[in-house]
Amino acid sequence: MAIALAEGRLVDPQRRVIDYLRISVTDRCNYRCTYCIPEDGRAPVARADVLSFEEIATLARAFVTLGVRRLRLTGGEPTVRRDLPALVRLLRALPGVEELALSTNGHLLAALAAPLRAAGVDRLNVSLDTLDAQKFRRITGRGELARVLAGLEAARDVGFASIKLNTVAVKGFNDGELGALCTFAWARGIVPRFIELMPMAAGQTFIPGELLAAAEIRAAVAAAHGGARVVADDGGAARGAGPARYHRLEGGQDVGAPRRFGIISPMTEHFCDSCNRLRLSATGALHACLAHDDAVDLRGPLRDGGPRAVVAAIAAAISRKRDGHEFQLVGLGGPRKAMVQIGG
Ligand code: SAM
């Protein structure tokens, strides 16, 4: 078998240790971000095909038994799934889960921050692409900036171990705002991160000229903080299980807080060599790579097989985990699937 189960670890054919599972709890989203959801939209999946909380917890238990230590809930938008804190409690109760994180657009966070924290979410990522309310509405389709900012404040009040901002860097949209987003985050003890645009959904939402490369992002952050230079950083408490590389500003004008930021650069500075993760879709498809469409069904083995069938299916997915991906700067090489189906 291509994976080492005996050592209590999941190891893929490239000897990468897999200890991180991202769980999409719904394919639905209350936003319509232009780079995420193709214009023709996507028919929501039938409810009967979506895993119940108990099924998600059963699968999570199998993963944790095999060596996964860190879980992240994502979507779609995870907070639109009713009673999400109940799922958090089920996952938190699994022995061996060292970290439970959540990615959200923040729209429902003002009311949910406290219950999610109380249920056991440790780390929070909030997506925020602009601080301008009109631009925010434009890129999210239906988002309300004031709600997200209120959600962030509620999250700060309840003491998550880490809060990060996730900004997709889009040339011609927010490239002039990267410095301001950093200043906004740093003033609140939050670590900003920038994500390179990816050609998901068969490239339908990708405009090559809008890609802001990691090197350009670093230069823009430094330029916005006159005289500062970018140096490598370990990420401190912000370093989670994900692929971000961290940097900080040194020199220039001090803002009285550590000026740390992260970049997730699947397009120009790959991180496939250190990939440690798998993605479980809301319908139980296990994706070993964000950038490829192949997946292994876990729902069938779960509903009709049993624990051994589930482990065999997980092993099959890991034994076929790709070396890397083939995203191209012109927008080719991406998968047909959209981020909203499996979470980012
Ligand atoms: N709804 C949640 C949220 O907003 O964080 C979780 C799911 S969302 C798909 C996860 C992240 O993927 C968001 O930060 C989103 O901006 C990002 N994303 C979506 N489509 C993307 C794309 N084509 N390229 C890069 N990032 C993308």
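Described in the following lines is the structure provided in the data block. Everything numeric in this text was worked out from a predicted model, so none of it was measured. (Residues numbered from 1 in each chain as written. Predicted model: local features only at pLDDT ≥ 70, side-chain atom pairs only at ≥ 80, totals over all residues. Heavy atoms only, no water.)

This paragraph deals with the pairing of strand 11 (residues 260-264). In terms of burial, strand 11 is a largely internal element, four of the five residues being buried. Strand direction decides the pairing type here: strand 8 (residues 191-196) and strand 11, joined by three bridges, are parallel. Paired with arginine 193 across the strands is glycine 262, a residue of strand 11. Summarising the sheet, strand 10 (residues 245-250) and strand 11 pair through four bridges and their orientation is antiparallel. Following the sheet pairing, histidine 247 is matched in strand 11 by phenylalanine 261. (Buried < 20%, exposed > 50% of the residue type's maximum accessible area, 1.4 Å probe, protein only. Helix = DSSP H or I, 4+ residues; strand = E, 2+ residues; numbered from the N terminus. Pairing = 2+ DSSP bridges.)

Let's shift gears to the site of the ligand. In the vicinity of the ligand there are 19 residues, among which Tyr35, Gly76, Glu77, Ser127 and Met198 approach most closely. The separation between a nitrogen atom of the ligand and a polar side-chain atom of glutamate 77 is 2.9 Å. A distance of 3.5 Å separates an oxygen atom of the ligand from a polar atom in the backbone of asparagine 105. Grouping the amino acids of the shell around the ligand by side-chain chemistry returns eight nonpolar, nine polar and two charged. (Near = heavy atom within 4 Å. Polar contact = N/O pair within 3.5 Å; in protein donor to acceptor, adjacent residues only side chain to side chain. Nonpolar A, V, L, I, M, F, W, Y, C, P; charged D, E, K, R; others polar.)

The next thing to look at is helix 6 (residues 178-186). Most of helix 6 sits inside the fold, with seven of its nine residues counted as buried. Those residues of helix 6 that sit buried are Leu178, Gly179, Leu181, Cys182, Phe184, Ala185 and Trp186. Close packing links the buried residues of helix 6 with helix 5 (145-157), strand 7 (162-169), strand 8, helix 7 (214-224), strand 10 and strand 11. (Contact = heavy atoms within 4.5 Å.)

A few words now on the packing of aromatic side chains. Evaluated as defined, the whole model comprises one aromatic pair. Judged by centre distance (5.9 Å) and plane angle (80 degrees), the ring pair of tyrosine 31 and phenylalanine 136 falls under edge-to-face. Here tyrosine 31 is found in the loop between strand 3 (20-24) and helix 1 (53-66), whereas its partner phenylalanine 136 is found in helix 4 (residues 133-140), with 105 residues between them in sequence. For the pair tyrosine 31 and phenylalanine 136, one class covers both residues: buried. (Phe/Tyr/Trp six-rings, centres within 6.5 Å; stacked < 30°, edge-to-face > 60°.)

Let us now look at the pattern of salt bridges. Following the criterion strictly, the structure yields 19 salt bridges and no others. Close ionic contact of glutamate 98 with arginine 69 constitutes a salt bridge, the shortest N to O distance being 3.9 Å. Residue glutamate 98 is located in the loop between helix 2 (84-92) and strand 5 (99-104), and its partner arginine 69 is located in the loop between helix 1 and strand 4 (70-74); the two are separated by 29 residues in the primary sequence. With a relative accessible area of 59%, glutamate 98 lands in the exposed category. (Salt bridge = Lys/Arg side-chain N within 4 Å of Asp/Glu carboxyl O.)

Where helix 1 meets helix 9 (residues 307-319), the axes come as close as 11 Å, and the angle between the chain directions of the two elements is 65 degrees. The way helix 1 lies across helix 9 gives a crossing that is right-handed. Contact with helix 1, carried on its side by Leu59, Ala62, Phe63 and Leu66, involves Val310, Val311 and Ile314 of helix 9 and no other residues of that element. Looking at the contact of helix 1 with helix 9 residue by residue, the class counts come to seven nonpolar, no polar and no charged. (Axes fitted to C-alpha atoms, helices over the stretch in contact; angles between N-to-C directions. Left-handed = near helix turned anticlockwise from the far one by under 90°.)

The subject of this paragraph is the packing of helix 6 against helix 7. With their axes 8 Å apart at the nearest point, helix 6 and helix 7 run at an angle of 70 degrees to one another. Our classification of the angle between helix 6 and helix 7 gives roughly perpendicular. Our pair here, helix 6 against helix 7, has a crossing hand that is right-handed. Here helix 6 contributes Leu178, Gly179 and Cys182 to the contact with helix 7, which in turn contributes Ile217, Ala220, Val221 and Ala224. (Parallel < 35°, antiparallel > 145°, perpendicular 65-115°, else oblique.)

Another point: the sheet that holds strand 4. The sheet built from 12 strands is open, its strands ordered 9-10-11-8-7-6-5-4-3-12-13-14 with mixed pairing. Looking along the sheet, the strands with just one partner apiece sit at the ends: strand 9 (229-233) and strand 14 (295-297). Recorded for the sheet is a direction-independent mean angle of 25 degrees between the axes of neighbouring strands. Two elements, strand 12 (residues 277-280) and strand 13 (residues 285-287), share two bridges in a ladder whose sense is antiparallel. For arginine 279, the partnering residue across the bridge sits in strand 13 and is histidine 287. In the packing of helix 9 onto the sheet, the strands contacted are strand 12, strand 13 and strand 14, and the crossing angle to strand 14 comes to about 175 degrees.

It is worth spelling out helix 4 at this point. Lys135, Phe136, Ile139 and Thr140 are the residues of helix 4 that are buried. For helix 4, the angular spread of the buried residues around the axis is 120 degrees, confining them to a single face. Of the exposed residues in helix 4, those oriented more than 90 degrees away from the buried face are Gln134 and Arg138. At its buried positions, helix 4 is contacted by helix 5. After helix 4 finishes, the residue glycine 141 shows a positive phi value of roughly 80 degrees. (Arc of directions from axis to C-beta.)

Shape is all these values report; function is a separate question.
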